[in-house]
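Summary of the model geometry
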Amino acid sequence: MSKVAIHISEPLLEVRDLKVNYKTPDGVLTAVDAVSLSVAPGESLGIVGESGAGKSSMALALMRVLPNNATMEATAMELESLDILKTPENTFRRTVRWQKISMVFQAALESLNPVIKIGDQVTEPLIVHQGTPKNMAKAEVLRLFELVSLPAETFNRYPHELSGGLKQRVLIAMSLVLRPRLLILDEPTSALDVTIQAQIMDQLKDLKKHLNLSIIFVTHDIALASDICDQLAVMYAGRIVETGPTTSILNSPQHPYTQMLLASMPLIKENIEPQFIPGDPPSFLHPPKGCRFHPRCPYVFEKCTSDEPSLINIPKHGQVKCWLFETKQ
Amino acid sequence: MDTKDILTIMLRSGSGKAGVALLLGIVIISVTVVFLFPMDFGSKRWNNPAAWADNPKSVPPFWVGLFMGNNSIAHKVFEVSPQETQANLVQNYSFHYEYNSGKSPTFTTLSFTDVTFHNRPPLLELNVVRPDGREIVLYQQVLRGARPGESSPYKRFEETPLRVFLTSETETLISLVSFLEAEFDVKTNPEALSGLVEQVVFGQPSHQGNLEFVPLNGQYDFQILSYMNHPSDSVGSLKLVLGGNSFGFMGTDSAGRDLALGLLFGFPIALIIGLTTSVFATVIGSTLGIISGFKGNKTDIIIQRFSDIWSNVPLLPILIFLIFILGQKLWIVVIIMILFGWPGLTIVVRSMVLQIRTGQLVESTKALGASNSRIMFRHILFQIAPFVLAQMIFFTPAAILAEAGLSFLGLGDPSIPTWGQILESGFRTGAVYLGYWWWIMPPGVLIVITAMAFVLIALALEPAINPKLRVEK
Amino acid sequence: MSLGVTLVGRALSLFGVLIVVLLMLVVTLGATGFSDRILGAIVNEEMRGIREGLAQTIRNPDELEQVLNTQREEREKLYGLDKKWHQRLPDMLWRLMVLDLGEARTLRSFDGSPKVTTIVLERLPYTMVLITSASIITAVAGLAIGVKLATKVGSKFDRIVSYMSAISYALPAWWTGILFILIFAFQLRILPAGGIHSTPPPEQGLLRLIDLIYHAILPIITLVLVSLGAWIYTVRTMVLNTSQEFFVTVARAKGLPERTVTLKYILRVAAPPIVTNLVLGLAASLGGAILTETVFNWPGMGRLYYDAILAADEAVIVALTFIFALLYVTARFVLEVLYLILDPRIRYS
Ligand SMILES: Nc1ncnc2c1ncn2[C@@H]1O[C@H](COP(=O)(O)OP(=O)(O)OP(=O)(O)O)[C@@H](O)[C@H]1O
Ligand code: SF4
Ligand SMILES: [Mg+2]
């Protein structure tokens with residue numbers, strides 16, 4: 001545990017029972033269900049899960065920028081003790097978005113306006129939120145560009161003139177212009193090749209140290225997450241199935257899904273063949289009854305198919321959503 | 001996305017249902033018309049003034065007459081075709097006409113066809129006995145005898161009938177003058193009676209000695225007599241027409257043409273124009289687009305340059321010019337529209353092909369060893385098919401509207417009546433200013449409905465092609 | 001620099017269009033023998049004048065004929081009638097290009113000149129007035145309604161407008177015009193049925209202008225109505241497409257005011273495709289103008305087409321076709337420049 005987490009008791013972000021629904025032509029699907037999480041100042045939380053687990057939906061919900069066909073609800077959503085669930089849209093926009101929470105979106109290549117110059121897009125939050133004069137905003141942005149190793153001439157480029165890696169850096173720089181407290185990174189490197197991925201991860205770690213940022217790091221790659229995160233939350237089919245400190249989750253995964261996820265990771269050092277998780281991710285429209293993982297779980301027993309487990313506290317570890325742990329408690 | 005999905009998406013929407021229903025109706029009418037109408041309807045019937053001579057000119061549909069009450073006078077045609085052999089030398093046909101209106105018939109004509117005689121020509125006579133018992137001889141005429149060099153039997157009026165327009169026939173006017181003098185003590189002359197024939201025949205002076213007439217309702221007995229001089233003389237069909245002030249389902253134009261027939265004939269023509277043009281234009285356009293996108297290199301550059309220039313030629317001015325110079329033929333119009341209709345599609349299809357080509361499907365097929373042309377036409381066509389189909393449907397009304405516009409400028413094909421031409425003749429002869437709405441409205445409405453059918457279907461297809469537009473219910 | 005290259009490329013391509021149209025005109029005219037007839041008519045017309053002039057001075061009929069014959073031959077040579085039509089092609093092309101369009105057979109300009117260039121060009125302003133005012137109204141109304149609609153996809157309002165745009169796509173301009181004449185000029189009697197001025201036209205300048213506007217109302221409404229629907233639908237679709245792009249979500253996440261999002265992230269991005277559609281609709285609106293002028297007896301180039309067809313005046317038809325193509329190509333070029341300014345992706349690639 002980091003020192004910071006110990007002496008500041010108040011969490012930066014606290015979310016209780018977040019739920020995101022999408023209306024589709026075939027019915028309503030719940031992409032995020034009863035997700036609770038908390039992030040301490042300066043701490044970083046990794047959200048890990050396979051594709052379609054609902055990670056991005058959760059991230060978008062935190063910024064309240066879900067698509068039109070989505071609705072969200074929660075019992076609580078607080079940022080620095082400020083209720084950000086019920087804040088009127090306009091206040092939320094002016095005081096929270098990008099200033100307190102900013103985000104690097106998964107679709108890096110589509111995140112930039114194709115007809116506006118990079119510089120204008122990156123300085124825009126400074127000018128709109130803080131009224132910074134243009135030239136000062138530019139100086140600030142150029143400083144950030146240096147921080148993420150972007151050449152200064154990028155400022156006058158259009159998005160289509162940049163490579164994917166450069167765009168990703170632009171987005172990271174843009175997410176930092178207002179010095180937010182919380183940075184959400186949604187698969188910030190998945191569109192990039194391995195070398196650039198490593199470069200960007202290094203830079204992110206640097207930034208985290210220098211700026212004392214809290215980070216929510218969303219990825220399907222548990223190894224990547226463990227590289228930068230203090231805490232991990234494993235998501236499966238819209239639910240968090242296991243949370244805990246990175247080290248204990250890596251060393252002693254409890255939930256069957258987490259175990260399989262770790263086993264599926266290629267571990268170059270140990271020369272073990274990665275194990276694929278059998279079966280398909282569940283359908284959101286017609287989710288399986290009981291534990292959502294039960295059709296793929298090797299430990300499945302009767303109760304799993306009828307009742308859904310709740311998160312169970314495991315001392316010195318975290319929480320696990322699995323009937324196997326009910327008796328142990 | 002396969003064809004079934006597209007159909008489902010299309011039929012799920014209201015506009016899709018409406019479009020398909022409309023189109024179905026249009027197709028059914030067109031097929032019926034094709035079976036029932038002669039192929040040369042345009043030249044032999046529609047544009048042949050003789051075919052419409054006996055119809056009232058520029059009158060509204062009969063159902064308008066139903067609302068005109070006592071001011072309505074129905075169109076009446078009496079016709080007989082006598083048997084070949086007649087025992088009598090005098091043939092006698094009579095018609096009963098129940099006259100019951102505040103208006104007199106708008107005109108009266110009498111026609112004979114197929115007169116055969118051997119030595120002296122027959123005498124033809126038409127008379128009428130009115131409800132008040134008075135009798136008028138309306139027409140009495142000995143046909144012209146043998147021409148020099150002609151030999152018996154003499155045949156007359158085989159092709160074109162002898163058509164007597166009693167409304168302005170001098171014989172009739174003279175006969176009416178004496179009738180008025182004898183029966184009502186009205187002294188007048190033929191000139192004064194011109195234009196009053198029907199009022200005299202079907203009425204009586206409002207008061208003594210006056211040239212104003214009030215209708216005399218009741219039963220009129222018309223009698224047509226032909227006096228022959230030889231046992232094998234004969235007169236073919238006879239026709240007496242009492243003109244009305246409304247006619248048929250859709251009224252008539254200024255030439256007396258039954259607009260209902262012209263409008264019906266317009267259905268298959270519109271479909272043929274629209275579909276031929278759009279099918280050929282889309283086939284050419286997408287084929288060239290696929291070739292261009294697939295072959296790349298020089299072929300691509302040439303096709304693209306050409307399409308770019310070609311697609312920029314403004315259609316209507318060129319259509320006007322070419323049709324004016326080359327002649328007013330529908331097939332030329334269609335060919336020109338095809339010729340100028342394809343390039344837009346080629347450009348779009350090419351860019352779609354380029355996108356697909358870099359995709360995996362074709363790559364994997366290539367790996368399996370399929371031949372080049374098969375890859376081209378199976379896989380790429382399969383993927384762009386929905387889009388091309390939508391374009392075809394969208395292009396159909398454009399072609400129909402373009403032809404209609406051209407016809408409206410007076411460049412329609414005279415041998416094939418279209419809705420545009422009906423409107424044009426109405427516009428040119430001032431039907432708009434005279435308020436002949438039955439002439440102006442229906443062809444326009446039909447053009448709009450037909451175009452709508454296709455537009456609605458295209459509209460319903462759009463979400464299938466562009467999923468971003470799919471609307472959640 | 002590459003912007004310039006792109007522009008020159010577009011200009012060349014559009015110039016190609018003009019050449020294609022020109023070639024089509026002269027080849028069709030030549031191959032069908034029309035040009036021989038047109039030129040022959042001109043020579044005959046000139047010869048009549050010469051004969052009248054010479055008849056005064058030369059009394060001897062034989063001598064007169066002889067002089068006239070040499071004159072005629074000279075003239076035929078001058079007009080190239082002694083050559084085959086394809087040998088005359090370059091000359092004809094050149095004459096069309098410099099708007100040397102010959103003389104009309106029966107049609108005359110407002111002050112009686114038979115010169116085709118005069119006849120056609122004096123009509124140009126009337127056509128421009130109709131087309132430009134209708135286009136501006138359509139563009140503005142279409143943008144406003146289309147953007148509004150895009151925010152209400154699936155609503156009743158949206159569905160109604162979608163259907164109305166389908167109807168307006170299917171409405172031929174000329175029939176709509178006729179309908180309007182029937183309704184507004186003959187039933188309600190509130191607007192004139194056609195022409196540009198009342199008879200007699202008002203003398204005073206301002207009243208004259210008002211009278212002109214009064215006469216322009218119906219044709220303009222007609223033109224607007226028949227293109228507005230498709231235009232609204234295009235704007236709606238483009239805006240809808242763009243508003244679902246991910247960078248719009250990013251803009252919202254950045255905490256930008258909704259107005260900025262709409263203007264900078266939706267409309268600004270949707271502008272190039274919207275302009276593209278404007279370009280694509282240009283030919284249609286030109287056609288619409290030709291027919292609308294005919295219906296409303298508006299003395300522009302479109303109505304002139306109708307008159308020329310009725311009078312079978314081929315010289316005027318040729319001239320009109322070429323000038324319409326010229327007009328189209330020019331408008332098209334202006335829009336393409338606009339497009340290049342709007343879309344950096346094209347500008348620099
Ligand atoms: N706009 C939307 N409308 C309907 N369903 C959606 C929408 N966005 C996401 N979903 C559905 O919600 C579920 C969760 O999607 P989400 O993008 O949150 O997953 P994810 O964990 O981020 O996956 P990935 O790793 O692929 O990004 C998926 O089943 C997805 O199909
Ligand atoms: S609850 Fe049952 S099915 Fe679900 S993870 Fe635990 S053991 Fe497996
Ligand atoms: Mg995601």
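If you're wondering where the values come from, they're calculated on a predicted model, not measured in any experiment. (Residues numbered from 1 in each chain as written. Chains lettered and ligands numbered in written order. Predicted model: local features only at pLDDT ≥ 70, side-chain atom pairs only at ≥ 80, totals over all residues. Heavy atoms only, no water.)

Right, let's talk about the overall build of chain C for a bit. For chain C, the count of helices and strands is 14 helices and zero strands. Listed by position from the N terminus, the elements making up chain C come as α-α-α-α-α-α-α-α-α-α-α-α-α-α. In terms of overall dimensions, chain C has C-alpha extents of about 100 × 55 × 35 Å along its principal axes. Taken across its 349 residues, chain C has 49% of its residues classed as buried. Long-range contacts, defined as pairs at least 24 residues apart, comprise 70% of the intrachain contacts of chain C with a sequence gap of at least 6. Summed over all atoms, the accessible surface of chain C reaches about 16,000 Å², with 65% contributed by carbon and sulfur. A gap of 15 Å separates the mean positions of the 32 positive and 27 negative side-chain charges of chain C. (Helix = DSSP H or I, 4+ residues; strand = E, 2+ residues; numbered from the N terminus. Buried < 20%, exposed > 50% of the residue type's maximum accessible area, 1.4 Å probe, protein only. Contact = heavy atoms within 4.5 Å. Areas by Shrake-Rupley, 256 points an atom, 1.4 Å probe, with all protein chains shown as cover. Lys, Arg positive; Asp, Glu negative; His and termini not counted. Charge placed at Lys NZ, Arg CZ, Asp CG, Glu CD.)

Protein-derived ligands of the magnesium ion (ligand 3) are A:Ser56 (OG) and A:Gln106 (OE1), with the metal-ligand distances lying across 1.8 to 2.2 Å. Taken together, the residues span a long stretch of sequence, with A:Ser56 in helix H2 (residues 55-63) and A:Gln106 in the loop between strand E7 (101-104) and helix H4 (118-130) at a distance of 50 residues. (Donors = N, O, S within 2.8 Å, 3.2 Å for Na, K, Ca; no water.)

Moving on to the packing of aromatic side chains. Within this structure, the stated rule accounts for 38 aromatic pairs over all chains. Aromatic side chains A:Phe105 and C:Phe246 sit 5.2 Å apart centroid to centroid with 75 degrees between the ring planes, which places their arrangement in the edge-to-face category. Here A:Phe105, found in the loop between E7 and H4, pairs with C:Phe246, found in helix H10 (residues 246-253), and the two come from separate chains. Judged by centre distance (5.6 Å) and plane angle (85 degrees), the rings of B:Trp437 and B:Trp438 are edge-to-face. Among the residues examined, B:Trp437 registers a relative accessible area of 35% and is labelled partly exposed. Aromatic rings pair up to connect B:Phe78, B:Phe95, B:Tyr97, B:Tyr99, B:Phe202, B:Tyr220 and B:Phe222 into one cluster. Sitting over the face of the ring of A:Phe92, A:Arg64 holds its NZ or CZ atom 4.2 Å from the ring centroid. Over the face of the ring belonging to A:Trp323 we find A:Lys303, whose NZ or CZ atom lies 4.1 Å from the ring centre. (Phe/Tyr/Trp six-rings, centres within 6.5 Å; stacked < 30°, edge-to-face > 60°. Lys NZ or Arg CZ within 6 Å of the ring centre and 35° of its normal.)

Residues and elements named next belong to chain C. Taken as a whole, chain C is organised into domain 1 (17-97) and domain 2 (116-342). Put simply, the middle of domain 1 and the middle of domain 2, counted by C-alpha atoms, are 41 Å apart. In total, about 820 Å² of surface goes out of reach between domain 1 and domain 2, with carbon and sulfur atoms giving 93% of it. Linking domain 1 with domain 2 are zero salt bridges, by the criterion used here. On the surface where domain 1 and domain 2 come into contact, there are zero residue pairs in polar contact (both at pLDDT 80 or more). Of the residues that constitute the side of domain 1 that touches domain 2, the class distribution is ten nonpolar, no polar and no charged. (Domains from an automatic or database assignment. Buried area = accessible area lost by both parts, 1.4 Å probe. Salt bridge = Lys/Arg side-chain N within 4 Å of Asp/Glu carboxyl O. Polar contact = N/O pair within 3.5 Å; in protein donor to acceptor, adjacent residues only side chain to side chain. Nonpolar A, V, L, I, M, F, W, Y, C, P; charged D, E, K, R; others polar.)

A few words now on the interface of chain C and chain A. Between chain C and chain A, the contact holds 21 residues from the first and 23 residues from the second. When the two sides are added together, the surface that chain C and chain A hide from each other amounts to roughly 2,000 Å², 68% of it contributed by carbon and sulfur. Looking only at chain C, the three residues that lose the most surface to chain A are C:Phe246, C:Ala253 and C:Lys254, adding up to 29% of its buried area. Counting across the interface, chain C meets chain A through two salt bridges. The shortest N-O distance in the salt bridge between A:Glu124 and C:Lys264 comes to 2.9 Å. Between the two partners, chain C and chain A, sit nine residue pairs in polar contact (both at pLDDT 80 or more). Of all the secondary structure elements, the ones that give two or more residues to the side of chain C that touches chain A are H10, helix H11 (258-296) and helix H14 (344-347) of chain C. Take the side of chain C that touches chain A: its biggest share by element is six residues, from H10(C).

With that out of the way, let us pick up the sheet that holds strand E2 (residues 90-99) of chain B. All names here are of chain B. Reading across the sheet, the four strands line up as E2-E11-E5-E6 and stay open at both edges, with antiparallel pairing between neighbours. Each end of this open sheet is capped by a strand with a single partner; those strands are E2 and strand E6 (135-142). Geometrically, the sheet is characterised by an average inter-axis angle of 15 degrees between neighbouring strands, direction not taken into account. The pairing of E2 with strand E11 (residues 218-227) spans ten bridges and is antiparallel. Each bridged residue has a counterpart across the sheet, and for Tyr 99 the counterpart in E11 is Gly 218. (Pairing = 2+ DSSP bridges. Axes fitted to C-alpha atoms, helices over the stretch in contact; angles between N-to-C directions.)

Ranked by size, the top nonpolar core spans 153 residues in total, and within it B:Ile320 and C:Trp174 carry the most contacts. Per element, the largest residue contribution to this core is 18 residues, and it comes from helix H17 (residues 437-465) of chain B. Ignoring sequence-local partners within four residues, the contact set of C:Trp174 consists of B:Ala404, B:Gly405, B:Phe408, B:Gly420, B:Leu423, B:Ile447, C:Leu291 and C:Val295. By size, the runner-up hydrophobic cluster in this structure holds 100 residues, among which are A:Leu13, A:Met63, A:Val96 and A:Ala173. (Core = buried A, V, L, I, M, F, W, Y, C linked by side-chain atoms within 4.5 Å.)

With that settled, the discussion passes to unusual backbone geometry. Note: most peptide bonds trans; most residues except glycine with negative phi. A positive phi is found at A:Lys316, a non-glycine position, where the angle reads about 60 degrees. The phi torsion at C:Asn297 lies on the positive side, around 50 degrees, for a residue other than glycine. Looking at where C:Asn297 falls in the secondary structure, it is placed in the loop between H11 and helix H12 (301-311). The class of C:Asn297 is partly exposed, set by a relative accessible area of 39%.

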